[in-house]
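Okay, here's what each chain looks like letter by letter:
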Amino acid sequence: MSTRIERRFAELKVAKRGGLVVFVTAGDPTYEVSRDIILSLPNAGADVIEIGMPFTDPMADGPAIQASSLRALKNGQNMPKTLNLVREFRAKDQNTPIVLMGYYNPIYSYGVDKFLKDANAAGVDGLIVVDLPPEEDSELCLPALKAGLNFIRLATPTTDDKRLPTVLNNTSGFVYYVSIMGITGTRAASDVDITAAVGRLKRHTDLPIAVGFGISTPERAAAVAKVADAAVVGSAVVNKIAAEIGADGKPGPRAAQAALDLVKSLAAGVRAARV
Amino acid sequence: MSIAAATPPNSYRTGPDEHGRFGIFGGRFVAETLMPLILEVEAAYNAAKIDPKFAQEMDYYRTHYIGRPSPLYFAERLSRELGGAKIYMKRDELNHTGSHKINNCMGQILLAKRMGKTRIIAETGAGQHGVATATVCALFNLPCTVYMGATDIARQQPNVFRMKLLGAEVIPVHSGTATLKDAMNEALRDWVANVENTFYIIGTAAGPHPYPSMVRDFQSIIGVEAKAQMLEAEGRLPDTLVACIGGGSNAIGLFHPFLDDRDVEIIGVEAGGDGVETGRHAASLTGGRPGVLHGNRTYLLQDDDGQIIDAHSISAGLDYPGIGPEHSWLHEMKRVKYVSATDLEALDAFQMLAKVEGIIPALEPAHALAYVQKLAPTRPKDNIIIMNLCGRGDKDIFAVAERLGTKL
Ligand SMILES: Cc1ncc(COP(=O)(O)O)c(C=O)c1O
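In this text the structure is predicted, and so the values were computed from the model without any measurement.

Conventions used here
Throughout this document, residue positions are counted from 1 along each chain, in the order its sequence is written. Each chain is given a letter, starting from A, and each ligand a number, starting from 1, according to the order in which they appear as written. Residue-level local features of this predicted model are given only where pLDDT is at least 70; pairs of side-chain atoms are given and counted only at 80 or more, and the full residue set underlies all totals for whole chains, interfaces and linings. Going along the chain from the N terminus, every DSSP run of H or I of four or more residues is numbered as a helix, and every run of E of two or more is numbered as a strand. Only the C-alpha atoms count toward the radius of gyration. The rule for a globule is 2.2 Å times the residue count to the power 0.38. To sort residues by burial, count the other C-beta atoms lying within 10 Å of each one's C-beta; a count of 20 or more means buried, 12 or fewer means exposed, and anything in between means partly exposed. C-beta atoms are built from the backbone. By the convention adopted here, residues are in contact when the distance between their C-beta atoms, placed from the backbone, does not exceed 7 Å. Two strands make a pair as long as DSSP finds a minimum of two bridges between them. Here the axes come from fitting lines to C-alpha atoms, over the contacting stretch only for helices, and the angles between their N-to-C directions go from 0 to 180 degrees. The reported arc concerns the directions from the helix axis to the C-beta atoms and nothing else. Residues are classed as near a molecule or strand if the C-beta position derived from their backbone is within 6 Å of it. Charged means Asp, Glu, Lys or Arg here, nonpolar means Ala, Val, Leu, Ile, Met, Phe, Trp, Tyr, Cys or Pro, and polar covers whatever is left, Gly included. Each domain span listed reflects an automatic or database assignment of domains. When describing relative orientation, an angle under 35 degrees is termed roughly parallel and one over 145 degrees roughly antiparallel, while 65 to 115 degrees is termed roughly perpendicular and anything else oblique. We call a crossing left-handed when the near helix sits turned anticlockwise from the far one by less than a right angle, and right-handed when that turn is clockwise. Helices are assigned an expected span. That span is 1.5 Å times one less than the residue count. Confidence of the predictor at the level of single residues is captured by pLDDT, which takes values from 0 to 100.

Glancing now at the overall build of chain B. For chain B, the count of helices and strands is 17 helices and 14 strands. On C-alpha atoms alone, chain B measures out to a radius of gyration of 20 Å, which is about the 22 Å that the 2.2 N^0.38 rule sets for 408 residues. C-alpha extents for chain B along the principal axes are approximately 55 × 55 × 50 Å. Here chain B holds 408 residues, and 61% of them are scored as buried. In chain B, the proportion of contacts linking residues at least 24 apart, taken out of those at least 6 apart, comes to 74%.

Okay, here's the thing in structure tokens:
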């Protein structure tokens, strides 16, 4: 039985184009606006949706995503609400894969077994947990695979050929290549480096490769989608939301639209990349 | 847990296991970018540990630069005033730079040099670890960047200036509560971006494996010396050890050599802030539950959703929502008893020691002292307590003056 993620990447292969993976933080800036954005993402052109589970101390993220987490938490976002957001999405869309991304503590606190059961029931397809390297696979990765969820691992420029098999083992769905050494929303990698890195990963795995960190424009997304199976954009979308937040801390009427407009242009870039 | 506590292990000193765990605590919960380097640090440390040259180097700098051994001082007047047990103080506040932090920094910088790293980063709360790191960086001519919460910068001005004099760059951290946990987040972010040339000198016995055990090993000189000094002074082991706990490095340094001496009672004192019952405190073991932060599983202050709660303490060095993983394990094994002292109790103890013994302690060990003040009078006169006086209070006089309403 294939998963929604596997089916989506198979479709992209048939369509002969790279995909667009869009990251937003659950509940940013509010539950309602966040739901509006997420429900509209497939129409705007997102092929896969990554939903950030907010955490107070996101140590691999830059200021943009940390601020988005704190906005969401301030407005009452929590794990049950994040799972509910997925449930609401899944009631309307059966095909777009949802990947939950975040840090381990909110999951550990919720309870691993209960989390896997509730995530599955809500319609989550995969997990990316930044602070769970292969050395900690028994915590969540193995139980998640057993529960039928994809566990998507991050590979980085520091993951050398010797370590790569360890990282790829137990990875499923796709591999997320972090194209820079650093945190989200900061530097960008060069095309030469990305091409070389994707080639290296492809020698080790048949899984699709999504490339992220530092991709903020349609041009960059297109360049990445040319050589990888998908481009991931996060901070740039989150920044669009942040820009619409007023001095009173409340989201303006254009918050959702501003984010979706960027996603549309990114999607157009990705779609034009390989013609 | 209760079963484990009922059947004590043969030794409390064998941890961590090969996964960096003390029971369920510890581990390596870090982003993949850091993982290869963490493994490299572990391999380098394992090699250094059995290299006599490394031990010789450590000995040399301990003796000639740090000024070890530190005295084990019998606080006769204090003991008399409290009217109970004999109180000894392990005087690590007399170390170069004024606290125990240098014991660890010296070990880690010698390791960083062995690994060929050319840049050092650190986080700091009270600034003592930052000063100690800046000091060893000056000594070994390595560039040093220290992350410090903006709140802490405001309340630890003398140490900020000291770090700058020593040539370090001090970067204020404004995110979160702008205290120690946020400084640690920011240092980890720097490390992720600069893994190739940078060594992160973590200041307490926490973080991903091998840091908790490595820092413990470097700090264990405190307990090793104290044991020998006590045997020399009294011909026997102490009845009780008391130390304050931020992340737990001075405490584990004193405790570890005594863990298998089952008759020695061991007490860790967390920062009770306004009182544990108020929710405004930094007592992770008394008021928290197990979770995962900064690379390890340990007791954390957190809400029902697993979000980290801000710690509160008058002492910037104890103002951290977590604790080293070995303490979490010793707590669950019931080998060490963990209690707390409030801001007010620590302030009282701070002033008392200055008047009674002519020693101005740092606010951190003032917490340990506050508990000793309660404990000693309940003990017979032939009882012996060792308290870790792990830092001096010069850095705190401005903050204390402000709390006491005195303008300097
Ligand atoms: C003098 C002193 N004692 C104690 C601490 C707390 O750290 P730890 O619990 O690791 O000893 C600090 C931290 O800054 C300190 O400066």
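Residue and element names in this part refer to chain B. Reading across from one edge, β7-β6-β5-β8 is the order of the 4 strands in this open sheet, with parallel pairing throughout. In this open sheet, the two strands that pair with only one neighbour each are β7 (169-173) and β8 (198-200). If you compare each strand with its neighbour and ignore which way they point, the axes differ by 25 degrees on average. Pairing of strand β5 (residues 119-124) with β8, which is carried by 3 bridges, proceeds in the parallel orientation. Across the sheet, residue Ile120 finds its bridge partner in β8, namely Phe199. Strand contacts of helix α9 (residues 180-193): β5, β6 (144-149), β7 and β8, with the helix running at about 160 degrees to β5, the strand carrying the most contacts.

All names here are of chain A. All of the buried residues along helix α1 (residues 4-14) are Arg4, Ile5, Arg8, Phe9 and Leu12. The buried residues of α1 occupy one face: seen down the axis, they fall within an arc of 130 degrees. Every exposed residue of α1 that faces more than 90 degrees away from the buried side is listed here: Ala10 and Val14. Tucked into the core, α1 has its buried residues touching β1 (19-25), β2 (48-52), β4 (126-129) and β5 (150-151). Immediately beyond the C-terminal end of α1, within one or two residues, lies Lys16, with a positive phi of roughly 55 degrees.

The next thing to look at is the sheet that holds strand β4 (residues 86-90) of chain B. All names here are of chain B. Judged by pairing direction, the sheet is mixed, and its 6 strands sit side by side in the order β3-β4-β14-β9-β10-β13 without closing on themselves. At either end of the open sheet lies a strand with only one pairing partner, and these are β3 (72-74) and β13 (337-341). Mean inter-strand twist for the sheet, computed between neighbouring axes without regard to direction, equals 25 degrees. Here β4 pairs with strand β14 (residues 384-388) via 5 bridges, running parallel. Across the sheet, Lys90 pairs through a bridge with Asn388, a residue of β14.

Let us look at the site of the ligand. Residues and elements named next belong to chain B. The ligand sits among 22 residues. The nearest are Gln128, Gly246, Ser249, Gly317 and Gly391. Elements represented by at least two residues in the shell around the ligand include exactly α6 (128-140), β9 (240-245), α12 (249-255) and α16 (363-375). Ranked by the residues each element gives to the shell around the ligand, the list is headed by α12, at 3 residues. Looking at the shell around the ligand residue by residue, the classes come out as 8 nonpolar, 12 polar and 2 charged. Shared between two domains, the shell around the ligand takes at least three residues from each, and those domains are domain 1 (22-61 + 101-215) and domain 2 (68-98 + 220-403).

This brings us to the packing of helix α9 (residues 191-204) of chain A against helix α10 (residues 218-227) of chain A. Residues and elements named next belong to chain A. Look at α9 against α10: their axes get within 9 Å of each other, and the N-to-C directions meet at 30 degrees. On the basis of the axis angle, α9 is roughly parallel to α10. The interaxial crossing formed by α9 with α10 has right-handed handedness. Of the residues in α10, those touching α9 at Asp191, Ile194, Thr195 and Val198 are Ala223, Val224 and Val227. Tallied by class, the residues present in the contact of α9 with α10 amount to 5 nonpolar, 1 polar and 1 charged.

Attention shifts here to the interface of chain B and chain A. Taken residue by residue, the interface counts 26 residues in chain B and 33 residues in chain A. Secondary structure elements with two or more residues in the side of chain B that touches chain A: β2 (25-29), α2 (35-49), α9 and β11 (289-293) of chain B. At 6 residues, α9 of chain B tops the list of elements feeding residues into the side of chain B that touches chain A.

A word on α9 of chain B. Every α-helical turn comprises 3.6 residues, leaving residues that sit three or four positions apart pointing alike. Here α9 of chain B spans 20 Å end to end across 14 residues, near enough to the 20 Å set by a 1.5 Å rise per residue. In terms of burial, α9 of chain B is a largely internal element, 13 of the 14 residues being buried.

Residue and element names in this part refer to chain A. Buried residues dominate strand β3 (residues 98-102), accounting for 5 of its 5 residues. Covered by surrounding structure in β3 are Ile98, Leu100 and Gly102 together with Val99 and Met101, the residues of both alternating faces. As defined by bridge partners, β2 adjoins β3 across 4 bridges and the pair is classed as parallel. Its bridge partner being in β3, Glu50 is matched across the sheet by Val99. As judged from the 4 bridges shared by β3 and β4, these two strands associate in the parallel manner. Looking at the pairing, Gly102 lines up with Val129 of β4.

Here the focus is the confidence of the model for chain B. Chain-level pLDDT for chain B is 96 on average; 99% of the residues reach the 70-or-more range. Of all helices and strands in chain B, the one with the weakest mean pLDDT is helix α1 (residues 2-6) of chain B (52), whereas β9 of chain B scores best (99).

What follows is about the environment of Leu82 of chain B. All names here are of chain B. Turning to its location among the elements, Leu82 is positioned in helix α4 (residues 76-82). Spatially, the C-alpha atom of Leu82 lies 36 Å from that of Val160, the residues being 78 residues apart in sequence. Non-local contacts of Leu82, meaning those with residues more than four positions away in its chain, are made with Gln373, Ala376 and Pro377.

Glancing now at the domain arrangement of chain B. Residues and elements named next belong to chain B. Structurally, chain B comprises domain 1 (22-61 + 101-215) and domain 2 (68-98 + 220-403). Between domain 1 and domain 2, the C-alpha centre-to-centre distance is 22 Å. Every contact between the two is made by 38 residues of domain 1 and, on the other side, 38 residues of domain 2. Elements with a contribution of two residues or more to the side of domain 1 that touches domain 2: β2, α5 (101-114), α6, α7 (150-155), α8 (157-165), α9 and α10 (211-219). For the side of domain 1 that touches domain 2, the element with the highest residue contribution is β2, accounting for 5 residues. Tallied by class, residues from the side of domain 1 that touches domain 2 come to 17 nonpolar, 16 polar and 5 charged.

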